[in-house]
Amino acid sequence: VQLQASGGGLVQAGGSLRLSCSTSGGSFRSYGMAWFRQAPGKEREFVSHIRWSGGSTYYADSVKGRFTISRDNAKNSLYLQMNSLKPEDTALYYCAAGRGIIITAISREGQYGYWGQGTQVTVSS
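Quick look at the structure, then. Note that the structure is a prediction, hence the values are computed from the model and not measured.

Things to note about the pattern of salt bridges
A full pass over the atoms with the stated rule returns five salt bridges. Here K64 ties to D61 by a salt bridge, and the two come within 3.1 Å at their closest N and O atoms. Given the relative accessible area of 67%, D61 is considered exposed. Residues joined by salt bridges that share partners form a network here, namely R37, E45, R66 and D89.

Some points on the environment of K86
Following the sequence through the fold, K86 ends up in the loop between β8 (77–82) and β9 (91–98). Residue K86 is classed as partly exposed on the basis of its relative accessible area, which comes to 35%. Between the alpha carbons of K86 and Q38 there is a distance of 15 Å; along the sequence they are 48 residues apart. Those residues in contact with K86, other than ones at most four positions away along the chain, are R66 and V123.

Focus: the side chain of R71
For R71, the location among the structural elements is in strand β7 (residues 67–72). Buried within the structure, R71 lacks any salt-bridge partner; its nearest side chain of opposite charge belongs to D72, at an N-O separation of 8.3 Å. Only 2.9 Å separates the side chain of R71 from the backbone oxygen of F28, close enough to count as a polar contact. Polar contacts involving the side chain of R71 include one to the main-chain carbonyl oxygen of Y31, which spans 2.8 Å. Apart from the residues lying within four places of it in its own chain, the contact partners of R71 are F28, R29, Y31, G32, M33, I50, R51, W52, G54, S77, L78 and Y79.

Digging into the packing of aromatic side chains
By the definition in use, this model includes six aromatic pairs. Relative to Y114, the ring of Y31 has its centre 5.8 Å away and its plane inclined at 90°; by these criteria the two rings are edge-to-face. Placement of Y31 in the loop between β3 (17–24) and β4 (32–38) and of Y114 in strand β10 (residues 114–115) is noted, with a sequence separation of 83 residues between them. Since its relative accessible area comes to 6%, Y31 is described here as buried. Site record: aromatic cluster; members linked through ring pairs are F36, F46, Y94, Y112 and W115. Seen from the ring of Y94, R44 lies directly overhead, with NZ or CZ sitting 4.7 Å from the centre. The ring of F28 has R71 lying over it, and the distance from NZ or CZ to the ring centre is 4.4 Å.

Some words on the nonpolar core
Counting residues in hydrophobic clusters, the biggest one holds 36 residues, and the most contacted among them are M33, W35, F67, L78, L80, M82 and Y93. Those elements that provide at least two residues to this core are β1 (2–6), β3, β4, β5 (45–50), β7, β8, β9 and β11 (119–124). Considering each element in turn, this core owes the most residues, five residues, to β9. Apart from the residues within four sequence positions on either side, M82 is in contact with G15, S16, L17, L19, R66, F67, Y93 and V121.

Parameters and conventions
- Residues numbered from 1 in each chain as written.
- Predicted model: local features only at pLDDT ≥ 70, side-chain atom pairs only at ≥ 80, totals over all residues.
- Heavy atoms only, no water.
- Salt bridge = Lys/Arg side-chain N within 4 Å of Asp/Glu carboxyl O.
- Buried < 20%, exposed > 50% of the residue type's maximum accessible area, 1.4 Å probe, protein only.
- Helix = DSSP H or I, 4+ residues; strand = E, 2+ residues; numbered from the N terminus.
- Contact = heavy atoms within 4.5 Å.
- Lys, Arg positive; Asp, Glu negative; His and termini not counted.
- Polar contact = N/O pair within 3.5 Å; in protein donor to acceptor, adjacent residues only side chain to side chain.
- Phe/Tyr/Trp six-rings, centres within 6.5 Å; stacked < 30°, edge-to-face > 60°.
- Lys NZ or Arg CZ within 6 Å of the ring centre and 35° of its normal.
- Core = buried A, V, L, I, M, F, W, Y, C linked by side-chain atoms within 4.5 Å.

Written out as structure tokens, the structure is:
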């Protein structure tokens, strides 16, 4: 499956952005999906995960209450609505897909076999 992330940009602190991840070449509805991010000089970190059905969502503590992950299986697309953005949210955001991911492993990069190219989010103070 191929993933294409988009929607990044430059925004002021307190603003909002909506990231999208379009997919092709696979059965989207059978994959658990996630967003990760990597800030300059730091390791890539987990942001959020949504189960294949969309029925359960999970968030890193740093974004809980500000970010919302969602998916539209009919459109083969994943989204991340980001509100109340902070300068520390500045990073390259990646979407990822994987199958058979257990809940205790959703934050592990190795669980995801497919990755998008990343979209840059920059939050100015």
